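Observations on chain architecture
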Amino acid sequence: MSKVELDNIDKKILGIIQNDATRPIQEIAEAVGLTSNPCWRRLRRLEEIGIIQKRIAVIDPAKLGLKMTCFVRIHTSQHTGDWLETFKRSVSRIPEIVECHRMTGEIDYLLKVIVRDLDHYDKVYQALIKYVPDLSDVSSSFSMERLKSGHDVNLSLIQ
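Residues numbered from 1 in each chain as written. Predicted model: local features only at pLDDT ≥ 70, side-chain atom pairs only at ≥ 80, totals over all residues. Heavy atoms only, no water.

**Notes on the pattern of salt bridges**
Applicable threshold: Counted as salt bridges are all cases of a side-chain nitrogen of Lys or Arg within 4 Å of a carboxyl oxygen of Asp or Glu. Burial status follows relative accessibility: with a 1.4 Å probe on protein chains alone, a residue under 20% of its type maximum counts as buried, one over 50% as exposed, and anything between as partly exposed.
Considering all chains together, one arrives at eight salt bridges under this definition. Residue Glu27 is joined to Arg23 by a salt bridge in which the shortest nitrogen-to-oxygen separation is 3.2 Å. Overall, Glu27 belongs to the partly exposed group, its relative accessible area being 40%. Judged by relative accessible area, Arg23 falls into the partly exposed class, the value being 29%. In this structure, the salt-bridge partner of Arg55 is Glu47, at a minimum N-O distance of 2.6 Å. The partly exposed category is assigned to Arg55, whose relative accessible area is 42%.

So, in structure tokens, the structure goes:
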């Protein structure tokens, strides 16, 4: 996929909505120096080309009793396309796995898992080893404290 060219107004719009996607179009337009219709068209374009993937509410899992964040490192000797498809399907079946990354370096995959407690994590672990064949190693680390969190893209990096 090629890089999409954005002007300063597009970047301002993105900055506003990534901070608060509930702001009315009129407020966004005023903040970026447009009227509502051109601002709305820009917003729609950013959605249509996939820069804005979706608008969400960020929820604090700890306030809902999901107090443990775990990072699971996975090693496998399988690197075929079929195995990867099975792995993707399996990870998608486990809702506690909120992120999954294919990695370079020492580990093959890194999962971010959010659970209530250690017993809950063990159920996720059991499901993972049940659904995914040929795992060489599954090791976990639990977050003691979240020091930084966010979804904001640093728009000043866009050239």
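Having put the structure on the table, let's press on.
**Thoughts on the sheet that holds strand β2 (residues 97-102)**
Put simply, the rule is: Strand pairing is assigned whenever DSSP identifies at least 2 bridges connecting the two strands. Numbered from the N terminus, helices here are DSSP runs of H or I no shorter than four residues, and strands are runs of E no shorter than two. Here, axes are lines fitted to C-alpha atoms. For helices the fit covers the stretch in contact, and angles between N-to-C directions go from 0 to 180 degrees.
Taken in spatial order, the four strands make up an open sheet running β2-β3-β1-β4, and their pairing is antiparallel. The sheet is open, and its two borders are formed by β2 and β4 (135-142), each paired with just one other strand. Across the sheet, the mean angle separating the axes of adjacent strands is 20° when strand polarity is ignored. Of the pairings in the sheet, the one linking β2 to strand β3 (residues 109-115) comprises five bridges and is antiparallel in character. Bridging across to β3, Arg102 finds its partner in Tyr109.

**Some remarks on helix α3 (residues 36-48)**
Side chains three or four residues apart in an α-helix point the same way, a direct result of the helix having 3.6 residues per turn. Definition in use: Helix span is expected to be 1.5 Å times the residue number reduced by one. In this description, one arc is meant: the one made by directions from the helix axis to the C-beta atoms. Here a residue-residue contact requires only that any non-hydrogen atoms of the pair lie within 4.5 Å.
Under the 1.5 Å per step criterion, the end-to-end length of α3 is 18 Å for 13 residues, consistent within 8% with the ideal 18 Å. When α3 is considered as a whole, its buried residues turn out to be Cys39, Leu43 and Leu46. Down the axis of α3, the sector holding all buried residues measures 60°, keeping them to one side. Those residues of α3 that are exposed and aimed more than 90 degrees away from the buried face are Asn37, Arg41 and Glu48. Buried positions along α3 lie against α1 (8-19) and α2 (25-32).

**Regarding the side chain of Lys11**
To be explicit about the condition: Positive charges come from Lys and Arg, negative ones from Asp and Glu, while His and the chain ends are left out of the count.
With respect to the helices, strands and loops of the structure, Lys11 is situated in helix α1. With no salt bridge to any partner, buried Lys11 finds its closest opposite charge in Glu5, at an N-O distance of 7.6 Å. Ignoring any residue separated from it by four or fewer positions in sequence, one finds Lys11 in contact with Leu6, Leu155 and Ile158.

**Points about the environment of Ala31**
Mapping Ala31 onto the fold places it in helix α2. According to the relative accessible area criterion, Ala31 is partly exposed, its value standing at 44%. When the C-alpha atoms of Ala31 and Ile13 are compared, they prove to be 8.4 Å apart, with 18 residues separating the residues in sequence. Residues contacting Ala31, with those up to four places away along its chain left out, are Ile16 and Arg23.

**Description of the packing of α2 against α3**
Stated precisely, the cut-off is as follows: Orientation categories follow fixed angle ranges, with anything under 35 degrees roughly parallel, anything over 145 roughly antiparallel, 65 to 115 roughly perpendicular, and all other angles oblique. By the convention adopted, Pro, Cys, Tyr, Trp, Phe, Met, Ile, Leu, Val and Ala count as nonpolar, Lys, Arg, Asp and Glu as charged, and the other residues, Gly among them, as polar.
α3 packs onto α2 with a crossing angle of 100° between their chain directions and a minimal axis gap of 9 Å. Classified by the angle their axes make, α2 and α3 are roughly perpendicular. In contact with Ile25, Gln26, Ile28, Ala29 and Val32 of α2, α3 contributes Ser36, Cys39, Trp40 and Leu43. Of the residues assigned to the contact of α2 with α3, the class counts are seven nonpolar, two polar and no charged.

**What to know about the layout of surface pockets**
This is how the line gets drawn: Only protein atoms enter the 1 Å grid used here, on which a cavity is any set of points holding a 1.4 Å probe that cannot leave and a pocket is any open set flanked by protein within 12 Å on both sides along at least five of seven lines; residues with an atom within 4 Å of a point are listed as lining. Grid points are joined across faces, edges and corners, and a volume is the space filled by probe spheres set on the points.
Roughly 1,500 Å³ of volume is contained in the largest pocket. Elements with a minimum of two residues in the lining of the largest pocket: α1, β1 (68-76), β2 and β3. For the lining of the largest pocket, the element with the highest residue contribution is α1, accounting for four residues. Counted by class, the lining of the largest pocket contains 21 nonpolar, nine polar and 11 charged residues.

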